[in-house]
Amino acid sequence: MTDFPRSLPEFERRFPDEAACAEWLLERRWGSGFACPECGHDRFWRLGRKVLTLQCRACRRETSVTAGTVMHRSHLPLKVWFTAAWLVATHRNGMSARQLWLQLGLGSYKSAWLLLRKLRAAMVDPDREPLAGLVEVDETSLPFRGGGEPARPGRSHDGKLLVAGAVEIRGKGPGRIRLAVIGDCSAVALGAFVAGNVAEGSTVVSDGWAGYKRLKDVKHDPKVVGDAPAHLVLPWVHRVFANAKRWALGVYHGLRPKHLQAYLDEFVFRFNRRRTPHAAFDRLLGLSLTLEPASYQMLVGRS
Ligand SMILES: [Zn+2]
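All of these numbers come straight from a predicted model, not from anything done at the bench.

(A) Representation of the pattern of salt bridges in the model. For the structure on display, the rule yields nine salt bridges. For glutamate 62, the salt bridge is made with arginine 49, and the minimal N-O distance between the two is 2.5 Å. Residue glutamate 62 is found in strand E3 (residues 62–64), and its partner arginine 49 is found in the loop between strand E1 (44–47) and strand E2 (53–56); the two are separated by 13 residues along the sequence. You can call arginine 49 partly exposed: its relative accessible area is 46%. The closest approach of N and O atoms between arginine 270 and glutamate 266, which form a salt bridge, is 3.1 Å. Pair noted here: arginine 270 and glutamate 266 are both in helix H9 (residues 260–272), with a separation of four residues, about one helical turn. Taken as a pair, arginine 270 and glutamate 266 share a single burial class, namely buried. In this structure, a network of salt bridges that share partners links the residues Arg120, Glu266 and Arg270.

Put into structure tokens, the structure is as follows:
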């Protein structure tokens, strides 16, 4: 979107109502030409349904502008989805379900919670390219809260979760990042993290921990020899860890083990799109990929 709204008044001018949202979807999806998903024909009629629907002039198949997106068959208006995606894409630190509920004026907290979970489910691109080139890799532990109490540093009854992180180095700064929950710091766990997130032929810079000694398909450059502190030789992955921890405490008031990977995915999503809010907006609405609609059961982890 070249005219991506930077402020709420701009957003209101751009998307004043349902029709504006539907027209934007039509343009965004088939601006360069419609092709019927059934027969490939390019001419259509517009049907005045609840949500703008195109009917193929050859085979009569009907295609909604929301088909294949996270919004499909939702009872919520397009405007609510657009506003939620815009808030989540542009809000610097992200939104809690409660903030979203209050901002959108939705009837129930549960609606806001479910909406946010669906937007978050769109944050991981299954076809994303692995990190490449020079990549800092390290692991850290994050505190999680037990018994519903907010996590505070140093509290003995709170647990720790292990997280592996990788940061691409582009010139003098960070490129893309990845964060994943790991079971332990063994060579097997760290090797699987690197294999799943770093392209073959890349150079992995680590603190020289034995867990990294048996990496396959990548060059390994252990930086910490002797007493040099890890944050001096791995500055970017340590900065990412510190930001992720601060963000988790600020937005979520501590982490719960069950949802940790989802929180990490949101942090990675925000970091990797920090300069392209329009791309974040598109992806949140499910426009740059075909998503299986996530059911309530899937989202609450009871599937
Ligand atoms: Zn057709």
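(B) View of the confidence of the model for the protein. The predicted model of the protein has a mean per-residue pLDDT of 83, with 84% of residues at 70 or higher. Averaged over each element, pLDDT in the protein is lowest for helix H11 (residues 296–299) (42) and highest for E2 (96). This model gives residues 289–303 a pLDDT under 50, and the stretch forms 24 contacts once residues within four places in sequence are excluded.

(C) Structural detail: the environment of alanine 85. Relative to the helices and strands, alanine 85 resides in helix H3 (residues 78–90). Overall, the relative accessible area of 0% leaves alanine 85 in the buried class. Spatially, the C-alpha atom of alanine 85 lies 8.3 Å from that of aspartate 282, the residues being 197 residues apart in sequence. Setting aside residues no more than four positions away along its own chain, alanine 85 makes contact with Leu119, Phe281, Leu284 and Leu285.

(D) Structural detail: the sheet that holds E2. Reading across from one edge, E1-E2-E3 is the order of the three strands in this open sheet, with antiparallel pairing throughout. Two strands bound the open sheet, and with one partner strand each, they are E1 and E3. Strand-to-strand twist in this sheet, taken as the mean axis angle between neighbours without regard to direction, amounts to 30 degrees. By the bridge criterion, four bridges tie E1 to E2 in an arrangement that is antiparallel. Note that in E2 the partner of phenylalanine 44 across the bridge is cysteine 56. The strands touched by helix H2 (residues 18–30) are E1, E2 and E3; relative to E3, the strand with the most contacts, the crossing angle is about 110 degrees.

(E) Representation of the coordination of the zinc ion. On the protein side, the zinc ion has Cys36 (SG), Cys39 (SG), Cys56 (SG) and Cys59 (SG) as donor atoms, found 2.3 Å from it. What the four donor atoms of the zinc ion show is an angle range of 103 to 115 degrees at the metal, which sorts the shape as tetrahedral. Mapping the donors of the zinc ion onto the primary sequence gives the spacing C-x2-C-x16-C-x2-C. Of the two residues, cysteine 39 sits in the loop between H2 and E1 while cysteine 56 sits in strand E2, which places them 17 residues apart along the sequence.

(F) Expanded view of the nonpolar core. Ranked by size, the top nonpolar core spans 44 residues in total, and within it Phe82, Leu115, Phe281 and Leu285 carry the most contacts. If sequence neighbours within four positions are ignored, leucine 285 has contacts with Trp24, Thr69, Val70, Met71, Trp81, Phe82 and Ala85. Among the nonpolar cores identified, the runner-up in size contains 20 residues, and Leu179, Leu234, Phe241 and Phe271 belong to it.

(G) Representation of the side chain of arginine 270 in the model. Residue classification places arginine 270 among the buried positions, given a relative accessible area of 14%. Not counting residues within four places of it along the chain, the set of residues in contact with arginine 270 comprises Val88, His91, Arg92, Asn93, Gly94, Met95 and Trp247.

(H) A look at the pairing of strand E6 (residues 173–182). Most of E6 sits out of view: eight of its 10 residues are buried. Joining the antiparallel neighbours strand E5 (residues 159–170) and E6 is a turn of two residues, in which glycine 171 adopts a positive phi near 65 degrees.

(I) Geometry of the packing of aromatic side chains. Scanning the model with the defined rule gives 14 aromatic pairs in all. When the ring of phenylalanine 11 is compared with that of phenylalanine 15, the centres are 5.3 Å apart and the planes differ by 55 degrees; the resulting orientation is tilted. You'll find phenylalanine 11 and phenylalanine 15 in the same group, each marked buried. The interplanar angle of 80 degrees and the centroid separation of 5.7 Å between the aromatic rings of tryptophan 101 and tyrosine 109 together place this pair among those described as edge-to-face.

Cut-offs used in this document
Residues numbered from 1 in each chain as written. Predicted model: local features only at pLDDT ≥ 70, side-chain atom pairs only at ≥ 80, totals over all residues. Heavy atoms only, no water. Salt bridge = Lys/Arg side-chain N within 4 Å of Asp/Glu carboxyl O. Helix = DSSP H or I, 4+ residues; strand = E, 2+ residues; numbered from the N terminus. Buried < 20%, exposed > 50% of the residue type's maximum accessible area, 1.4 Å probe, protein only. pLDDT = per-residue confidence, 0-100. Contact = heavy atoms within 4.5 Å. Pairing = 2+ DSSP bridges. Axes fitted to C-alpha atoms, helices over the stretch in contact; angles between N-to-C directions. Donors = N, O, S within 2.8 Å, 3.2 Å for Na, K, Ca; no water. Tetrahedral: all angles 85-135°; square planar, octahedral: opposite > 155°, others 65-115°. Core = buried A, V, L, I, M, F, W, Y, C linked by side-chain atoms within 4.5 Å. Phe/Tyr/Trp six-rings, centres within 6.5 Å; stacked < 30°, edge-to-face > 60°.

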